[in-house]
Amino acid sequence: MVREILIWPDPVLKQKAKPVAKVDDSTRTLVKDMFETMYSAEGVGLAAPQVGVLQRVIVLDTTHSQPELKPIAMINPEIIAMEGDTTYNEGCLSIPGEAADVDRAAVVTVKFLDPDGQEQTLRCDGLLSIAVQHETDHLNGTVFVDHISSLKREFIRKRMKRLKTSREREVSAPASP
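Owing to the predicted nature of the structure, the values given are computational and were not obtained by experimental measurement.

## Digging into helix 3 (residues 150-172)
Then, in step 1: Between the first and last C-alpha of helix 3 there are 33 Å, a value that for 23 residues agrees with the 33 Å anticipated at 1.5 Å per step.
Then, in step 2: Along helix 3, the positions that sit buried rather than exposed are R153, I156 and M160.
Then, in step 3: Residues of helix 3 that are buried sit in contact with strand 5 (95-104).

Shown next, in the form of structure tokens:
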């Protein structure tokens, strides 16, 4: 099921997500829905808070630029090591049409549970490294614009408020006969 993606500055996006206590069928359904939502929006990553669920779950698919990788779901991801520095022009499904350069670690090692509840550790580089950091930020109530200048952030905030207002009007407008 494709879920609605919250648009920043929705207050849910500022909240810290809670760890998943037990990986079960409801967790796997959330993962499935998140993949469908991410693909529908043509994204490479999605965090549960972006669909209004305050659980520590992210889904990622960087196969378009890293064909050797597979789509991956991470439950309770924890970055345990960071190496090097890089800058990447990031966008976000919760901030559509916007992008900005963000400084990140070039390589991260992340520990997480897979959808079967098994603990995994993965060393990530390239776009996957950026995506893991970006989506993990969402779990901590941070969006990429929190990493840029306050002036740029304020311009983006105003554009997002206009977008939200426009979408709300579309939803509340009566259907044409």
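Next comes the rest of the description.
## What to know about the pairing of strand 6 (residues 107-113)
Then, in step 1: Summarising burial for strand 6: five of the seven residues are buried, a large majority.
Then, in step 2: By the bridge criterion, six bridges tie strand 3 (residues 72-83) to strand 6 in an arrangement that is antiparallel. For E83, the partnering residue across the bridge sits in strand 6 and is V107.
Then, in step 3: Sheet topology note: the strand 6/strand 7 (residues 119-124) ladder contains six bridges and is antiparallel. Across the sheet, residue F112 finds its bridge partner in strand 7, namely Q120.
Then, in step 4: Between strand 6 and strand 7, which pair antiparallel one after the other, the connecting turn spans five residues, and G117 there sits at a positive phi close to 85°.

## Focus: helix 1 (residues 25-40)
For the α-helix, the turn length of 3.6 residues means that residues three or four positions removed from each other point alike.
Then, in step 1: Between its first and last C-alpha atoms helix 1 spans 22 Å; for 16 residues at 1.5 Å apiece the expected length is 22 Å, and the two agree.
Then, in step 2: Among all positions in helix 1, only T27, L30, V31, D33, M34, F35, T37 and M38 are buried.
Then, in step 3: The inward-facing, buried residues of helix 1 contact strand 1 (45-47), strand 2 (57-60) and strand 3.
Then, in step 4: E42 sits one or two positions beyond helix 1 and adopts a positive phi of about 60°.

## Considerations on the pairing of strand 4 (residues 86-92)
Then, in step 1: In this structure, strand 4 lies alongside strand 5, joined through seven bridges in antiparallel fashion. In the strand pairing of strand 5, N89 is matched with D101.
Then, in step 2: The antiparallel pairing of strand 4 with strand 5 creates a hairpin that spans two residues between the two strands.

## Observations concerning the sheet that holds strand 2
Then, in step 1: Reading across from one edge, 1-2-3-6-7 is the order of the five strands in this open sheet, with antiparallel pairing throughout. Every interior strand has two partners, whereas the edge strands, strand 1 and strand 7, have only one. Sheet twist, expressed as the average angle between the axes of neighbouring strands with direction ignored, equals 35°.
Then, in step 2: Across the sheet, helix 1 touches strand 1, strand 2 and strand 3, and the angle it forms with strand 2 is around 40°.
Then, in step 3: Across the face of the sheet, helix 2 (residues 126-139) comes into contact with strand 1, strand 2, strand 3, strand 6 and strand 7 while running at roughly 155° to strand 2.

The rules behind the values
- Residues numbered from 1 in each chain as written.
- Predicted model: local features only at pLDDT ≥ 70, side-chain atom pairs only at ≥ 80, totals over all residues.
- Heavy atoms only, no water.
- Helix = DSSP H or I, 4+ residues; strand = E, 2+ residues; numbered from the N terminus.
- Expected span 1.5 Å × (residues − 1).
- Buried < 20%, exposed > 50% of the residue type's maximum accessible area, 1.4 Å probe, protein only.
- Contact = heavy atoms within 4.5 Å.
- Pairing = 2+ DSSP bridges.
- Axes fitted to C-alpha atoms, helices over the stretch in contact; angles between N-to-C directions.

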